[in-house]
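Fold and geometry: a report
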Amino acid sequence: MASFYKRGDYQWEAKIRKAGFPQLAKTFETKADAVAWAAEVETEMRRGTFVSRAEAERKTLGDLIGQYVQDVSPLHRGAESEIARLKAMARRKFAETAMANLRPIDIARYRDERLKVDGVCPATVVRELGLLQSVIAHAMQEWEIALPRNPVQGVVRPKVKNARDRRLKPAVKGKAHQSEEARLLAACTADGRERSCRVTWLRPIVELAIATAMRQGEILSLEWRHVHLEGRYAHLPETKNGEPRDVPLSTRAIAILAALKGDGESTGRVFDVSANACKLAWTRAVKRAKLEDFHFHDLRHEGTSRIAERLSNVLELSSVTGHKDLQMLKRYYHPRPGDIAGKLG
C-alpha cells in the first residue's frame with residue numbers, strides 16, 4: 001500500500017510497503033507525480049512484472065562506464081583504445097545522469113555535439129554509440145540495472161561513408177618532387193636531426209604494413225614467437241574477424257623483420273609500442289611528409305593493391321589479407337589506371 005508525505009513546498013515522498021517486496025520510496029515535485037508512480041509500481045507488483053529500479057536510480061551512466069572499464073574492457077581485443085573512448089565519454093555532462101532518467105534524446109544530443117567537433121567523422125560517432133550500447137546492455141544483463149529498454153537503441157546513427165581509395169602517389173616525371181612513399185619513409189626515419197622522427201620503430205612498422213597489408217593492431221601485437229623467418233610466414237593468433245591467420249612474408253618483409261631481430265634470440269612483441277604512441281608518431285610523420293588526407297589504414301589499401309599485382313588468384317590474395325568477403329576485399333584493391341593500361345598493351 002502506498003503512503004504519501006509532504007516534505008516541503010515542492011517535495012512529495014511516496015512510500016510503498018507490500019508483503020514479499022522490498023520497501024520503496026521516491027520523492028517528486030508534485031503529489032500527482034508521486035501518486036502516478038506508486039500506481040504504476042503497484043500494478044507491476046500485482047501482475048508479477050515488477051523489477052526493482054533502485055540500482056538504475058542510484059547509479060549514473062558514468063558509474064557504469066567506470067565499472068565496465070575496470071571489469072570488461074580489459075578482456076577485449078583493442079582494450080587500450082576502447083578504454084580511452086569510454087573514459088572520454090565518462091567525462092561528458094550526460095554521464096552524470098542516473099540510468100533511470102537516461103533517455104534516447106540525451107544520447108542523440110551527445111551524437112549531435114560530437115558531429116560538430118572538427119576531425120570527428122560519422123564512423124567515429126557510430127563506434128562510440130555502439131560501445132555505449134554495449135556498456136548499457138551488459139549492465140542490464142549482469143548488474144541488475146532495470147530499464148524498459150536500452151536508450152541507445154532508439155537513436156538514429158549517422159550515415160557512414162568511409163570507403164577510401166587513397167594510395168601513395170608516385171613521383172611525377174619531369175618534376176623534382178619525390179614520391180609520397182619516399183617522403184613518408186624519410187619522415188619516419190630516426191636520423192638524429194632536429195624535427196626528424198625521434199623513434200626508431202616507426203619506419204619498420206610502416207614498411208611492414210606496406211609489405212604485408214597487415215592492420216596496425218596486428219603489427220603492434222605481433223610476437224617474435226609467432227614470426228617464422230625460415231618458414232616465411234607470421235602467425236596472427238587473433239585478428240579483427242576473430243579467426244587466426246598466417247601471413248606470408250615476402251623477401252622485403254623478411255628483410256625488415258631480420259634487421260629488427262638481429263643475431264640474438266628475441267622474445268616478446270616485435271614492436272614494444274602502445275597504440276597511442278604509434279598514433280602520435282604517425283600523425284607527426286604525416287605532417288612532416290606533407291601528405292594530405294592519408295591515414296595509417298591506407299597503408300593496408302596500398303599493400304593489398306601491390307600484392308594483388310603479384311597474386312592473380314583472388315583466393316590467395318584473401319588468404320594474405322584475411323578478408324572473408326570478396327566485396328570487402330574489393331574495397332582494398334585500388335589498381336592505378338596506368339598500370340592496368342600497361343597490361344593491356
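Think of each chain on its own: its residues are numbered from 1, step by step along the sequence as written. Per-residue local features of the predicted model are confined to residues with pLDDT of at least 70, and side-chain atom pairs are confined, for both listing and counting, to 80 or more; whole-chain, interface and lining totals are unaffected and use all residues. For the side-chain quantities, the full set of heavy atoms in the structure was used; hydrogens and water were omitted.

Some thoughts on the sheet that holds strand β6 (residues 245-248)
Here is the rule we go by: A strand pair is defined by DSSP finding two or more bridges across the two strands. Helical segments are the DSSP runs of H or I of at least four residues, strand segments are the runs of E of at least two, and each set is numbered from the N terminus.
Taken together, 3 strands build an open sheet; the order of strands is β4-β5-β6 and the sheet is antiparallel. Bordering the open sheet on either side are β4 (227-228) and β6, each of which pairs with just one other strand. Pairing analysis gives 4 bridges linking strand β5 (residues 233-236) to β6, with the strands arranged antiparallel. Note on β6: the bridge partner recorded for H235 is D246.

Observations concerning the pattern of salt bridges
Stated formally: A pair is scored as a salt bridge if a Lys or Arg side-chain nitrogen falls within 4 Å of a carboxyl oxygen belonging to Asp or Glu. We call a residue buried when its accessible area falls under 20% of the maximum for its residue type, exposed when it is over 50%, and partly exposed in between, using a 1.4 Å probe and counting protein chains only.
Applying the stated criterion to the full structure yields 16 salt bridges. For K93, the salt bridge is made with E96, and the minimal N-O distance between the two is 3.1 Å. A single burial state applies to K93 and to E96, both of which are exposed. Salt-bridge contacts for D106 lead to R103; the nearest nitrogen and oxygen are separated by 3.5 Å. Classification of D106 as buried rests on a relative accessible area of 11%. What makes R103 partly exposed here is its relative accessible area of 45%. What you see here is one network of salt bridges that share partners, running through R167, E181, E302 and R306.

Quick notes on unusual backbone geometry
The backbone of A213 sits at a positive phi, close to 65 degrees, despite the residue not being glycine. Following the sequence through the fold, A213 ends up in the loop between α8 (202-212) and α9 (216-221). Although it is not a glycine, R232 sits at a positive phi angle of roughly 60 degrees. A relative accessible area of 41% places R232 in the partly exposed class.

Thoughts on the confidence of the model for the protein chain
Heads up, the condition is: pLDDT measures the predictor's confidence residue by residue and takes values from 0 up to 100.
The pLDDT averaged across the protein chain works out to 84; a share of 88% of its residues lies at or above 70. The secondary-structure element of the protein chain with the lowest mean pLDDT is helix α15 (residues 337-344), recorded at 59, while α8 shows the highest, at 94.

Topic: the sheet that holds strand β2 (residues 11-16)
Quick note on the threshold: Working convention: axes come from line fits to C-alpha atoms, limited for helices to the stretch in contact. Angles between N-to-C directions cover 0 to 180 degrees. Whether two residues are in contact is decided by their heavy atoms: any pair within 4.5 Å suffices.
Strand order across the open sheet formed by 3 strands is β1-β2-β3, with antiparallel pairing between neighbours. The outermost strands of the open sheet, each flanked by one partner alone, are β1 (2-8) and β3 (24-28). Strand-to-strand twist of the sheet, defined as the mean angle between neighbouring strand axes without regard to direction, takes the value 20 degrees. One ladder, built from 6 bridges, connects β1 with β2; its direction is antiparallel. Bridged to G8 within β2 is Q11. Sheet strands in contact with helix α1 (residues 31-47) are β1, β2 and β3, and its direction is about 15 degrees off that of β2.

A word on the pairing of β2
By the criterion of burial, β2 is predominantly enclosed, with 5 of the 6 residues buried. Adjacent in sequence and paired antiparallel, β1 and β2 are bridged by 2 residues.

Description of the side chain of E128
Mapping E128 onto the fold places it in helix α6 (residues 122-142). Relative accessible area serves as the criterion here: at 5%, E128 is assigned to the buried category. Apart from the residues within four sequence positions on either side, E128 is in contact with R85, M89, Y110 and R114.

What to know about the nonpolar core
The following threshold applies: Among buried residues, the Ala, Val, Leu, Ile, Met, Phe, Trp, Tyr and Cys ones that are joined through side-chain atoms within 4.5 Å form a nonpolar core.
Residues L184, W201, V206, F271 and L299 are the most contacted members of the largest nonpolar core, which totals 41 residues. Top element by residues in this core is α8. It accounts for 7 residues. The residues touching L299, leaving out its near neighbours within four places in the chain, are L184, V206, A209, I210, W282 and F294. Among the nonpolar cores identified, the runner-up in size contains 29 residues, and I65, V69, I145 and V155 belong to it.

Brief notes about the packing of helix α3 (residues 61-71) against α6
The test is simple: Angles are sorted into four bins: roughly parallel if under 35 degrees, roughly antiparallel if over 145, roughly perpendicular if 65 to 115, and oblique for all others.
One can describe the packing of α3 onto α6 by two numbers: an axis separation of 10 Å at closest approach and a directional angle of 90 degrees. With respect to their mutual orientation, α3 and α6 come out roughly perpendicular. Where α3 abuts α6, its residues L61, L64, I65 and Y68 lie against L132, S134, V135, I136, H138 and A139.

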